[in-house]
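Examining the three-dimensional arrangement
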Amino acid sequence: MTQWTVSLPQSPIVFLSKRALTHPNNTVMYGRCRLASSKGKDTEMKTLSILAAAVLLAGAASAQSQELVVGSQGDPSLDPHYMYIGTNVAFWRHTYGSLTMHDEEGHAGPSLAESYELIDDHTWEFRLRDDVKLEDGSMLSAADVVYSLNRVKSLPGNPSPYTVRLESITDFEAVDPLTVRITTDTPNPYVPDNLSQVAILPQKATEGKSTGDFTSEGGIGEYGPYRVSSFSPGDRLVLERNEDYWGEQPYWERVTFRIMPNDASRVAALLAGDVDLIDFVPPSDVKRLRENTDITVHDGPSTRMMVLLLNFLDGQVGGITGADGRPIDQNPLRDLRVRQALSKAIDRNALVERIMDGAADAATQIAMPGMEGYDPDREAEVADTQGARALLAEAGYPDGFGISVACSNNRYPNDARVCQAVGQMLARAGLQPKVETQPMSVMMTAMQGDDFAIGMLGLGAQGTRPQTLGHIVHSVDREAGRGGYNFGDYSNPELDKIIDDAVVTLDRDSRDELMRDAVNRTAEEVVVIPLYFQRVLTASRSKLTYTTDPMEETLTWRAKPASE
């Protein structure tokens with residue numbers, strides 16, 4: 001559904017959907033077809049007319065009954081409140097909904113909420129649509145929203161909970177059947193953005209259900225564009241179009257996700273015509289796929305940035321040795337000149353062109369164009385091996401030092417190859433790198449210890465918000481929910497204050513200015529080393545069109561026949 005976002009010049013901030021602007025006397029009319037007898041007309045002509053109409057209707061029915069088969073990297077959890085990862089969000093968007101939803105540029109706007117507004121610095125009010133029919137025939141209500149937010153906070157044994165999207169929210173209440181009021185402990189301009197990531201479930205259908213119930217029963221209370229038809233974990237998920245869906249009906253009557261974690265298997269299935277569309281196309285296969293006239297590669301920007309995290313711990317660090325391989329007492333990474341040398345040693349353009357096959361954009365900073373805090377005047381650091389060597393010598397390391405570089409080998413496109421290339425670049429600058437690639441789960445555990453020196457991580461930013469600031473730049477403050485990925489324990493109270501001020505500033509222009517200050521100070525201090533922003537790569541049979549999603553979600557209603 002097309003959505004409009006309206007931001008009034010002064011508080012309160014109000015956001016309205018297109019439907020809200022025409023409601024209650026909606027002027028949008030939907031045409032209807034009716035076959036009627038016409039007395040007195042020639043019988044043969046009447047028969048021909050009816051046949052012609054029948055042919056048209058049959059044609060329309062055929063077009064609406066087609067199936068889309070997707071080769072999917074992700075293996076879904078059918079409980080939309082369990083395991084917060086992007087691929088799971090994409091799956092539950094097919095069967096449920098959220099108060100807000102991001103558009104094709106990543107900006108949040110109304111969805112289940114017809115409108116929302118900030119009524120004071122600590123209170124957001126969401127007004128629900130009145131036409132969201134649930135599976136049992138009842139309508140979505142504010143009580144379902146309150147129930148859902150409580151369920152997110154109380155779901156047991158969740159290794160990656162959605163509670164990170166409820167940050168600073170202290171209370172939520174149903175003011176009336178269609179109005180929800182949300183209170184925060186500090187001014188929080190990101191509430192609408194955050195709630196686009198939280199599924200709203202019908203209380204009557206799902207109360208008391210565990211995560212296992214969602215898997216075993218295969219579909220509980222869906223009201224989204226699709227309902228679950230069947231689910232075989234590790235194999236496939238089959239969805240059927242929900243004819244009672246409140247929004248625009250999706251083109252595909254049936255969608256089948258075939259679970260294919262292996263990159264080569266997804267590509268082979270597409271080439272063989274076994275699937276219509278695949279997600280997370282490996283960059284190394286893009287050129288080959290583009291040369292095939294039966295295939296179309298869909299390439300779009302992503303908000304996921306690859307960065308090198310650094311260890312700032314004082315004293316001896318296990319991942320760092322002297323040039324002779326022996327432990328050293330001081331951590332060289334605490335010296336700004338050393339960090340500047342590392343940044344100069346990295347050839348970002350080479351990573352983009354040679355390793356990512358062009359399927360990435362070199363990062364100039366930890367915000368990308370369109371995000372809050374992005375500075376258009378900042379350029380990517382130019383690779384300068386000799387400059388890096390000179391800085392190392394100036395810092396007292398003319399012969400370099402040994403340093404470990406930890407990367408995943410199963411999480412991001414080409415992650416292990418990128419890691420090897422980074423190691424080679426550091427070696428050319430005079431360092432003695434030790435590259436360690438390992439499964440993501442192992443790497444994350446290792447980085448939470450004290451012995452890593454450099455770790456590569458991919459961070460997704462929500463909408464236009466550079467989350468990297470609060471998560472990897474801010475000092476660790478678990479109570480405030482800051483510094484969750486600041487594994488190297490970087491701390492700068494002055495920078496912390498700028499970030500803290502920014503995230504509670506409701507005025508967008510003022511917030512953007514604070515964010516830009518923080519982004520630039522982060523670059524000048526080389527708190528992290530940004531590498532590149534990934535591209536979203538999806539491929540389909542050439543008979544289809546598809547619009548990629550900046551949040552890397554595979555949304556099947558964006559796939560349509562090229563003839564449509």
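Residues numbered from 1 in each chain as written. Predicted model: local features only at pLDDT ≥ 70, side-chain atom pairs only at ≥ 80, totals over all residues. Heavy atoms only, no water.

It is worth spelling out the overall build of the chain at this point. Looking only at helices and strands, one finds 17 helices and 21 strands in the chain. Expressed as a percentage of the 564 residues in the chain, the buried residues total 52%. At a minimum sequence separation of 6, the contacts of the chain that also span at least 24 residues come to 68%. Carbon and sulfur atoms make up 48% of the accessible area of the chain, which totals about 25,100 Å². (Helix = DSSP H or I, 4+ residues; strand = E, 2+ residues; numbered from the N terminus. Buried < 20%, exposed > 50% of the residue type's maximum accessible area, 1.4 Å probe, protein only. Contact = heavy atoms within 4.5 Å. Areas by Shrake-Rupley, 256 points an atom, 1.4 Å probe, with all protein chains shown as cover.)

Turning to the packing of aromatic side chains, a few remarks are in order. Summed over all chains, the structure comprises 10 aromatic pairs. Centre to centre, the rings of Phe312 and Tyr490 are 4.9 Å apart; their planes meet at 65 degrees, and the pair counts as edge-to-face. With Phe312 in the loop between strand S13 (295–310) and strand S14 (320–321) and Tyr490 in the loop between helix H15 (468–473) and helix H16 (493–502), this residue pair connects regions lying 178 residues apart in the sequence. Considered together, Phe312 and Tyr490 belong to a single accessibility category, that of buried residues. One aromatic cluster in this structure is built from Tyr116, Trp124 and Phe126. (Phe/Tyr/Trp six-rings, centres within 6.5 Å; stacked < 30°, edge-to-face > 60°.)

Our focus in this paragraph is the state of the cysteines. The tally for this structure, following the rule as stated, stands at one disulfide. Covalent S-S linkage joins Cys407 and Cys419, the inter-sulfur distance amounting to 2.0 Å. Around the S-S axis, the bridge from Cys407 to Cys419 shows a dihedral of about 75 degrees and counts as right-handed. You can see Cys407 sitting in strand S16 (residues 402–408) and its partner Cys419 sitting in helix H13 (residues 415–428), a full 12 residues away along the chain. (Disulfide = S-S within 2.5 Å.)

Per-residue confidence for the chain averages 87 on the pLDDT scale, and 88% of its residues sit at or above 70. Contacts for the low-pLDDT stretch residues 1–14, under 50 throughout, to residues beyond four places or in other chains number 32 contacts. Note that residues 17–64 has pLDDT below 50 and, in this model, 24 contacts with residues that lie over four places away or in other chains. (pLDDT = per-residue confidence, 0-100.)

When a protein is soluble and globular, its nonpolar side chains tend to lie buried together. Counting 76 residues, the largest nonpolar core has Leu351, Leu426, Leu457, Leu531 and Tyr532 as the members making the most contacts within it. Those residues in contact with Leu351 that lie beyond four places of it in its chain are Ile346, Met356, Val418, Ala421, Val422, Met425, Leu531 and Tyr532. Residues Leu68, Val152, Ala199 and Ile220 belong to the second largest nonpolar core, which totals 56 residues. (Core = buried A, V, L, I, M, F, W, Y, C linked by side-chain atoms within 4.5 Å.)

Here we take up the environment of Thr303. Tracing the chain through its elements places Thr303 in strand S13. By relative accessible area, Thr303 is classed as buried at 9%.

Before going further, it helps to examine the pairing of strand S2 (residues 67–72). The element S2 is extensively covered by neighbouring structure, given that five of its six residues are classed as buried. Here S2 runs beside strand S11 (residues 254–259); their pairing, made up of six bridges, is parallel. In the strand pairing of S11, Ser72 is matched with Ile259. Relative to strand S12 (residues 277–278), S2 runs parallel, the two being bridged by two bridges. Bridging from a neighbouring strand, Val70 pairs with Leu277 of S12. (Pairing = 2+ DSSP bridges.)

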